[in-house]
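# Observations on the three-dimensional arrangement
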Amino acid sequence: MRLRSGTFACCCVLLEALGVALFLRGFFPLPVRSLPRREARSGPPAEPAPPGAGVSSNWTKIPPPLFRKAVIVLIDALRADFVFGSKGKQFMPYVTQLVDKGTSHSFIAEAKPPTVTMPRIKALMTGSLPGFIDIIMNLNSSALLEDNLIWQAKTAGKRIIFYGDDTWVKLFPKYFVEYDGTTSFFVSDFTEVDNNVTRHLDTVLKREDWDILILHYLGLDHIGHISGSNSPLVGPKLQEMDKILKKIHLSLLSKEGEASLPNLLVVCSDHGMSKTGSHGGSSEEEVHTPLLFVSSAFTKRSGSLKQPELVQQIDLAATLAIGLGLPISRNSIGNLILPVIEGKTMREQLRFLHLNGFQLIQLLQANVPAYEKDPGFEHFKVAEKSHGNWIRLYLEENSSEVLLNLGKKVLKQYLESLKILSSSLSKQVAQYDMYSMMVGTTIILEVLFLLLLSLPKALSSRAEFEVPLSSPLFSLMFYLICLMLCAVHVIVCTSAESLCYFCSISWLMSVGVMMLISALMCIILSALGKIFMNNKLPAKNSAVSNSSWSELDVLILAGTLGHVLSLGASSFIEEEHQTWYFLINTLCLAVCQEICRHYFLLKESDLQFSTVLKQSVENFKETGHFKQVDVPACDSKLNKFATSAELRKGSEKWIGLASPWIILICCRLLRSLNQTGVQWAHRPDFRHWLTRGIIEARFVYVFVLGIIFTGTKDLLRSQVTSADSKTKITGLWEIYSGLVLLAALLSRPHNLPVLVFCLLIQLIMTRCIWTPLKFDAAQITIMHYWFGQAFFYFQGNSNSITTVDVSAGFVGLDNYVEIPAIFLTTFATFAGPFLWAIHLLCYLSSEGSRHSAAMGHGCFCYALIHSIPVAVYIILVTGLRYHLFIWSVFSPKLLYEGMHVFITAAICVFFTAMDQKQSQKIQD
């Protein structure tokens, strides 16, 4: 089959996207579960047997509740130091008083990445660690089907009221007797979003028809997204929260006189806030949140608290379950927070810890085949045996010091076993689906090998070559490989203890993937065989290619390899922007050298040519040839040519020499506009924050759609009808202009200079570098790719989820609409690479002097230059999947690369569609 370079590259990238999707599905593991999601609610959880003989039957029942009512106040993005630090003392005096001298227990709850709202709510209510891929699901929360605290409370007949972030309503539908949800993504609102919660308080606190009240305040999180953690708006918002907590606490205290059980107030947060005001990463400011338990059941503190104890965020689910007299969720891997129950008798404390340990043992048995050899299991059995001995002494009514000391010993043993069990279960989160990962990796590597093997022919003058499809697909090798892979698939899917994702899809799809892998393998072997045979045959044409590698080509190759190698280090991934800044600066210096060589050598050759012409004319005069030629006129024209050879390049030369330095200055200014990465993100930069109106944004949307519609109309007319190439070029530039306008609308106001410098650099490179120096399409494509990557970081992005600006998806919208929000957020995040890629398409189409194969060369090089780091990085993360920073550094980068592959596939499809008309003209 004969294909053009662009079409072939487009097909390869689409296959690569399939491989990346399979790899991502296998790499991001599902959390440990005792039962499938839908089976987890089939009945009440198993209850433990008494730890010793002769124990009364109440040991097999859920203990009675410790608190009558519970109010859970979740303040989104409340950092630990906002309560326990200087800001807490300044802006939250009542909470500070409760922490230092009140009847409370204070802790720092550590959240696990990804620190975004939906996975953190799951962790708080289930006690489990959500999968990292839940960060993608955060934009569209679905009902939580696994066992959780809300479902247990509903089943027990407790009446739950909720006000706040509507993520709770989506996760727990039909569980609340009363609720009022507010959208969490409209980040420009940090006033009404909280007033909508507070306006219900006065009425609800006076009522007695509820058992659990949950309040989720979003204003502080929105302030962080808009203005950062040091915004002057943070202080007033903390004061507002302090007054609300005071109102709730005093109301709960006023009703305790007429009740037998005390009430409980829990103050917590889903995640913290980075120094730039975002969240999603693993910095201390993002993972450390305050956790306060306030109740009259606790002993009043005598002095100020120096340093709160560190607990895990998932410990809240087990603690609340015990406090409310509910079963601990089956999938919880958290530990009971002991200070909350330390006011109870030793018998009750040991009973609570035994229940928690039994639940963890049940979960361990469901997820670890050799659970009996687990250290946590062994420690629990020892503690359980000691607990039985303590019960015997207790039943003998032994109140001696021996009973007290033994009780403390059993308590310590239980706590140690719970800690080990929780750690063992946490490690199960890293159980990767290796089979799906290997299938995806195989497809990606095969695509990369095909691109590399096709490189010489793809960049030839015709940009068209024969892809060997017929012979491999009808060969014996294809069927043997396909049968072997299908046999491996059957063995893996029938012998594995837990089914992987690739085993769960239909057999027809599985066989299709196996046939695809086999076909790619046969095509690679066929291409290698042809290359080997061609190298053995003597050359038919004695003419040898004079092509050689320039310094710029060496720089491009070295830069690409250097960037690929840097992906193996977590520090280089965190600060990848420095790599791209260095590469484009070095590229500008190399271009400056090329410009100097071009203009100075061109001047010398022009003078030599004029001298040769003069000598020829003199010879003509002497020999008498061409007597009819007007010699004086020729002399005059030659003198004018010599003069123009010296002067016509004057201004153009100096503009060309200055252009790389102007680009360097622009890049230096852009670096200071947004400090990104990890190490230097806290440094001051040039950005400032403003807001944008909804009506104005919608007005711009009308212009953007109009411009894109006009450009698309011209493109379709040029593709369908026999319109000239100018119509297609005009349509492309119109679409590009519309996308620039859209990027300007979605960008934060302080990022508008990024677009200005982007357009300026593109203009300088087009007028002063690419066209005069006659760079080929491959070199120009790689330059576009490099600058696109650099502008990704100039925008303020990094390889951390923290820097994703979700507010871009809601510009001009007054409510959450899923598809537009996802599209706008993705476009705003990858605006730099996307605009540079579209500019490449427009430039190659509008350069009439270029070879007709330029479009195909550009598409092929763009696909290849991105496929190399993707393939290498996937191999690296597979080898580093147990690295300490796998979830905090390598996994977010993997998500970015996966999304970039899909964007690259879309760009290559666009390239191919635009090149199709040109291909038809060449064939005609």
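As shown above, the structure is provided for reference.
For clarity, every value in this text was computed on a predicted model and none was experimentally measured.

### Some remarks on the overall build of the chain
Across its full length, the chain carries 36 helices and 10 strands. Within the chain, the fraction of its 924 residues that count as buried is 55%. In the chain, the proportion of contacts linking residues at least 24 apart, taken out of those at least 6 apart, comes to 80%. In the structure as shown, the chain presents an accessible area of about 40700 Å², 62% of it carried by carbon and sulfur atoms.

### What about the side chain of D315?
With respect to the element layout, D315 can be found in helix α14 (residues 315–323). Within the buried set, D315 has no salt-bridge partner at all; the shortest N-O distance to an opposite charge, 9.9 Å, is to K112. Dropping the residues within four chain positions of it, D315 is found in contact with G334, N335 and I337.

### Side note on helix α35 (residues 854–879)
Residues lying three or four places apart along an α-helix face the same way, a consequence of the helix completing one turn every 3.6 residues. Along its 26 residues, α35 runs 38 Å from first to last C-alpha, staying within 8% of the 38 Å computed at 1.5 Å per residue. The buried fraction of α35 is high, at 22 of 26 residues.

### Focus: the pattern of salt bridges
As enumerated under the stated definition, the model contains 18 salt bridges in all. Between D202 and K247 there is a salt bridge, with its nearest N and O atoms 3.2 Å apart. Residue D202 is located in helix α10 (residues 201–206), and its partner K247 is located in helix α12 (residues 234–254); the two are separated by 45 residues in the primary sequence. Between R597 and E551 there is a salt bridge; the shortest N-O distance is 3.4 Å.

### Considerations on the sheet that holds strand β9 (residues 309–312)
Overall, mixed pairing links the 8 strands, which are arranged β5-β4-β6-β2-β7-β8-β3-β9 in an open sheet. Of all strands in the sheet, those bounded by a partner on one side alone are β5 (178–182) and β9. With direction set aside, neighbouring strand axes in the sheet form an average angle of 15°.

### Some words on the packing of helix α32 (residues 777–794) against helix α34 (residues 831–846)
Between two packed helices, the angle of one axis relative to the other and the distance separating the axes together describe the packing. For the pair α32 and α34, interaxial distance at closest approach is 7 Å and the crossing angle is 155°. The angle between α32 and α34 places the two elements in the roughly antiparallel class. As for how α32 packs across α34, the hand of that crossing is right-handed. Seen from α32, the contacting residues are A777, I780, T781, H784, F787, G788, Q789, F791 and F792; seen from α34, they are G832, P833, W836, H839, L840, Y843 and L844. Among the residues making up the contact of α32 with α34, the classes are represented as 10 nonpolar, 6 polar and no charged.

So, how was this worked out
Residues numbered from 1 in each chain as written. Predicted model: local features only at pLDDT ≥ 70, side-chain atom pairs only at ≥ 80, totals over all residues. Heavy atoms only, no water. Helix = DSSP H or I, 4+ residues; strand = E, 2+ residues; numbered from the N terminus. Buried < 20%, exposed > 50% of the residue type's maximum accessible area, 1.4 Å probe, protein only. Contact = heavy atoms within 4.5 Å. Areas by Shrake-Rupley, 256 points an atom, 1.4 Å probe, with all protein chains shown as cover. Lys, Arg positive; Asp, Glu negative; His and termini not counted. Salt bridge = Lys/Arg side-chain N within 4 Å of Asp/Glu carboxyl O. Expected span 1.5 Å × (residues − 1). Pairing = 2+ DSSP bridges. Axes fitted to C-alpha atoms, helices over the stretch in contact; angles between N-to-C directions. Parallel < 35°, antiparallel > 145°, perpendicular 65-115°, else oblique. Left-handed = near helix turned anticlockwise from the far one by under 90°. Nonpolar A, V, L, I, M, F, W, Y, C, P; charged D, E, K, R; others polar.

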